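Report on the structure
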Amino acid sequence: PLTYLQLFSFYLFFIYRLCTNTPYKFIDFGKDLCTKLREKGYWADYIDPCSGLPMLSLHCNKVYSEVDGMECLLNYKAYNAGFCKILTHPRWGSSVYPATIFAHAPPSIVKELMDQYPRVPAA
């Protein structure tokens, strides 16, 4: 169940609706999409939703904050809940799970691959 949000020439951002095992679904999807992009000769990586670290780039210890990325690049709001930041989507509120794929590929190639995955209509 993927809902497409934004497509930039170098960055892909996705938000999954909050559901059981969402991080695991994203990891499977991220690995599959990045593998397809890499097979076509483009660089791509996805962020581990739990650690914030890239999954395919070796020797990288830089943490990427999914929530900070959505706040900065998409102007979404977030609030603190203890040591966690909770993202607030304009339509779905806090019932979202932010996840990020970075890709250096033409948007047309990414769209072609994305069209192969099932979509969930925006509520």
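Scroll up a little and you will see the structure.
Residues numbered from 1 in each chain as written. Predicted model: local features only at pLDDT ≥ 70, side-chain atom pairs only at ≥ 80, totals over all residues. Heavy atoms only, no water.

1. Concerning the environment of Thr 35
Position of Thr 35 among the secondary structure elements: in helix 1 (residues 22–39). C-alpha of Thr 35 to C-alpha of Asp 45: the two residues are ten residues apart in sequence and 8.7 Å apart in space. (Helix = DSSP H or I, 4+ residues; strand = E, 2+ residues; numbered from the N terminus.)

2. Points about the pattern of salt bridges
Considering all chains together, one arrives at five salt bridges under this definition. Across the pair Lys 85 and Asp 68 runs a salt bridge, and its minimum N-O distance is 2.7 Å. Highlighted residues: Lys 85 in strand 5 (residues 84–88) and Asp 68 in helix 2 (residues 66–74), separated in sequence by 17 residues. Taking the shortest distance from any N to any O, the salt bridge between Lys 111 and Asp 115 comes out at 2.9 Å. Judged by relative accessible area, Asp 115 falls into the partly exposed class, the value being 44%. Ionic contacts of the salt-bridge type, sharing partners, join the residues Asp 68, Glu 71 and Lys 85 into one network. (Salt bridge = Lys/Arg side-chain N within 4 Å of Asp/Glu carboxyl O. Buried < 20%, exposed > 50% of the residue type's maximum accessible area, 1.4 Å probe, protein only.)

3. A look at the nonpolar core
In this structure, Phe 26, Phe 29, Leu 33, Leu 37 and Ile 101 are the most contacted members of the largest nonpolar core, which totals 16 residues. Where this core is concerned, the elements lending two or more residues are helix 1, strand 3 (43–46), strand 6 (96–104) and helix 3 (107–114). The element contributing the most residues to this core is helix 1, with five residues. In terms of nonpolar packing, the next biggest core, distinct from the first, is built from seven residues, Val 67, Leu 74, Tyr 76 and Trp 92 among them. (Core = buried A, V, L, I, M, F, W, Y, C linked by side-chain atoms within 4.5 Å.)

4. What about the side chain of His 89?
Among the structural elements, His 89 can be located in the loop between strand 5 and strand 6. Here Arg 91 takes part through its backbone nitrogen, which lies 2.9 Å from a polar atom of the side chain of His 89. (Polar contact = N/O pair within 3.5 Å; in protein donor to acceptor, adjacent residues only side chain to side chain.)

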